[in-house]
Amino acid sequence: MQNVLLMCLSVVAQIEEIIGDGEAVATLNGVRKTIELGLLEDDVNVGDWVLLHTGYAISKVDYEQARKMLDAMELADSL
Amino acid sequence: MKEYSDYLTELNEKTAALLTKITKYCKVLNRQINVMHVCGTHEATVSRAGIRSLLPKNLRIISGPGCPVCICPAEHITTAKELAKRGNIITTFGDMFKVPDTTLKSLSHLKAEGHDIRTVYSAMDAVKIAEKNPDKRVIWLGVGFETTAPMTAYELMKKPPSNFYVLADFRLVPPALDLLLSDPEHELTGIILPGHVTTVMGLKEYEEFPRRYGIPMTVAGFEAVEFLYALEVLLKMMVDGELGLKNSYTKVVRYEGNPKAKEVMKKVFKVVDAKWRGIGTVKQSGYDLNEDFREYNARNLIDFDISLEYDLPKGCRCGGVILGKVEPEECPHFLRRCTPETAIGPCMVSDEGTCRIRATFREVR
């Protein structure tokens, strides 16, 4: 992840460990990185997925909404 | 238990279904449809997946001003270079490291000359460098859109060491969108909003746009299938004659955005008139540090005057490319003098620049 220097690029990573002081360890494809949780309002637990931008979590991924979006893609054509 | 391949099959089927629907809607609309996105990462999604080659002929995807490095004014880079020459440590994202100012020299050239310029992944890394080098000034180049601005604000709220400075040139998406939509040279029929800018800012500030300009809008994610889904939602709105704003990236974007991120930005920044490279000054379109944080403002370290009349190299058409009026292929330098290895224009330097992305992922029709 250190090589990813794109600015507006954000990646979804999974929380592996909460290390206190508003920090956590997140993993993505086997890359582990200490991330900052201070900008996040939601509570996060180990196993949650967060949207990560330049080392800071900016949103918690809503599984229900993610599923809903996938389901919406299947809706019968109304034309 | 579903296997990984099952998910892939599911996604493939959905992608095919989305493309069928998109084709149908375009047939029903039976006119030229111009959809603009305003995010460099969206352009990367579209180009990498070859989405344009799959779309009907009357649907055009236009890349708007979504690359933060490309629109960062040349003065910012010139200022950073001057500060580096005065013995300060410059910390920046990798993309900014490579962008030339009008002299065609970038911060990377200065590093080669022996100046202390360090690329970092995050604003917190820049603060750590300041903590480790108390006898030097450490300048963090604060550039980017609303997605990237909260991190700098957050670090400043935590009271970093007094040798930490920020050269803030953050830019805001809504004023740029206003400029594009009121431009008579554009015939835009739909807008795809940036998913991560809206993750931070929410949807409220865009609500007025669809009715003001008579154009539907939706927020899109960054996987190819998520982008196609947003495109389908947008076309459906056009077919139904619906002028509205829909969220097609609900897994991370909430209506209110990220309240904590918005709060820190409000405390640290003030909205200012700001220059966009290749475009000019746009009213109330940037963030600079407010008076409460003036001790951290790197502009206070500047005792020299930097104002540039021309901010692009001769012949470079980045200004038009950024505004979505010129395709990279129309620029005389594209893949001739200006290539990913020998970039002269900002749109070719940055990994999020339209020219760079088009050069990397050549289209097959």
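Since the model is a prediction, treat every value here as computed from it, not as a measurement.

1. A look at the interface of chain A and chain B
At the interface, 38 residues of chain A touch 51 residues of chain B. Each partner contributes to the roughly 4,100 Å² buried at the junction of chain A and chain B, and carbon and sulfur atoms together form 64% of this total. A salt bridge links Glu36 of chain A to Lys158 of chain B; its shortest N-O distance comes to 3.5 Å. Counting across the interface, chain A meets chain B through 15 residue pairs in polar contact (both at pLDDT 80 or more). Here the side of chain A that touches chain B gets seven residues from one element, more than from any other, and that element is helix H1 (residues 63-72) of chain A. Looking at the side of chain A that touches chain B, its residues break down into 20 nonpolar, nine polar and nine charged.

2. Some thoughts on the environment of Ile117 of chain B
All names here are of chain B. Within the fold, Ile117 resides in strand E4 (residues 117-119). Using a relative accessible area of 0% as the deciding quantity, one classes Ile117 as buried. In this structure the C-alpha to C-alpha distance between Ile117 and Thr91, which are 26 residues apart in sequence, comes to 6.0 Å. Not counting the four nearest positions on each side in its chain, Ile117 is found in contact with Ala84, Ile90, Phe97, Leu107, Leu110 and Lys111.

3. Notes on the domain arrangement of chain B
Residues and elements named next belong to chain B. Domain assignment breaks chain B into domain 1 (69-173 + 258-301) and domain 2 (318-364). Computed over C-alpha atoms, the centres of domain 1 and domain 2 are 25 Å apart. Residue-level contacts link eleven residues of domain 1 with 13 residues of domain 2. For the pair domain 1 and domain 2, the summed buried area comes to about 940 Å², and 71% of that belongs to carbon and sulfur atoms.

4. So, the pattern of salt bridges
Residue and element names in this part refer to chain B. In total, this model carries 33 salt bridges over all chains according to the counting rule given. Note that Arg60 is salt-bridged to Glu327, the shortest N-O span being 2.7 Å. Remark: Glu327 occurs in the loop between helix H15 (318-322) and helix H16 (346-349) and Arg60 occurs in strand E2 (residues 59-63); sequence separation between them is 267 residues. Across the pair Lys267 and Glu263 runs a salt bridge whose closest N-O atoms are separated by 3.0 Å. Of this pair, Lys267 and Glu263 both sit in helix H14 (residues 259-268), four residues apart, roughly one helical turn. Under the relative-accessibility criterion, Lys267 is labelled partly exposed at 40%. Here the salt bridges share partners, and the residues they tie into one network are Glu43, Arg52, Arg60, Glu327, Glu329 and Arg358.

5. Some remarks on the packing of H1 of chain A against helix H1 (residues 4-29) of chain B
For the pair H1 of chain A and H1 of chain B, interaxial distance at closest approach is 10 Å and the crossing angle is 55 degrees. What the angle tells us is that H1 of chain A and H1 of chain B run oblique. Here H1 of chain A contributes Arg67, Leu70, Asp71 and Ala72 of chain A to the contact with H1 of chain B, which in turn contributes Glu10, Leu11, Lys14 and Lys21 of chain B. Classifying every residue of the contact of H1 of chain A with H1 of chain B gives three nonpolar, no polar and five charged.

6. Things to note about the packing of aromatic side chains
Using the criterion set out here, one finds eight aromatic pairs over all chains in the structure. Aromatic pair Tyr56 of chain A and Tyr154 of chain B: ring centres 6.0 Å apart, planes at 85 degrees, arrangement edge-to-face. Here the residue Tyr56 of chain A occupies a position in strand E5 (residues 56-60), and Tyr154 of chain B occupies one in helix H9 (residues 149-157), the pair thus bridging two chains. In this pair, the class of Tyr56 of chain A matches that of Tyr154 of chain B, namely buried. With centroids separated by 6.0 Å and ring planes inclined at 75 degrees, the aromatic side chains of Phe222 of chain B and Tyr249 of chain B adopt a geometry described as edge-to-face. Here Tyr249 of chain B lies in the loop between strand E9 (245-247) and H14 and Phe222 of chain B lies in the loop between strand E8 (217-220) and helix H13 (224-240), a separation of 27 residues in the sequence. Assigned by exposure class, Phe222 of chain B and Tyr249 of chain B land together as buried. Among the aromatic residues, those joined into a ring-pair cluster are Phe170, Phe269 and Tyr287 of chain B. In this arrangement the basic side chain of Arg212 of chain B is found over the ring face of Phe209 of chain B, its NZ or CZ atom lying 5.1 Å from the centre.

Thresholds, definitions, all that
- Residues numbered from 1 in each chain as written.
- Chains lettered and ligands numbered in written order.
- Predicted model: local features only at pLDDT ≥ 70, side-chain atom pairs only at ≥ 80, totals over all residues.
- Heavy atoms only, no water.
- Contact = heavy atoms within 4.5 Å.
- Buried area = accessible area lost by both parts, 1.4 Å probe.
- Salt bridge = Lys/Arg side-chain N within 4 Å of Asp/Glu carboxyl O.
- Polar contact = N/O pair within 3.5 Å; in protein donor to acceptor, adjacent residues only side chain to side chain.
- Helix = DSSP H or I, 4+ residues; strand = E, 2+ residues; numbered from the N terminus.
- Nonpolar A, V, L, I, M, F, W, Y, C, P; charged D, E, K, R; others polar.
- Buried < 20%, exposed > 50% of the residue type's maximum accessible area, 1.4 Å probe, protein only.
- Domains from an automatic or database assignment.
- Axes fitted to C-alpha atoms, helices over the stretch in contact; angles between N-to-C directions.
- Parallel < 35°, antiparallel > 145°, perpendicular 65-115°, else oblique.
- Phe/Tyr/Trp six-rings, centres within 6.5 Å; stacked < 30°, edge-to-face > 60°.
- Lys NZ or Arg CZ within 6 Å of the ring centre and 35° of its normal.

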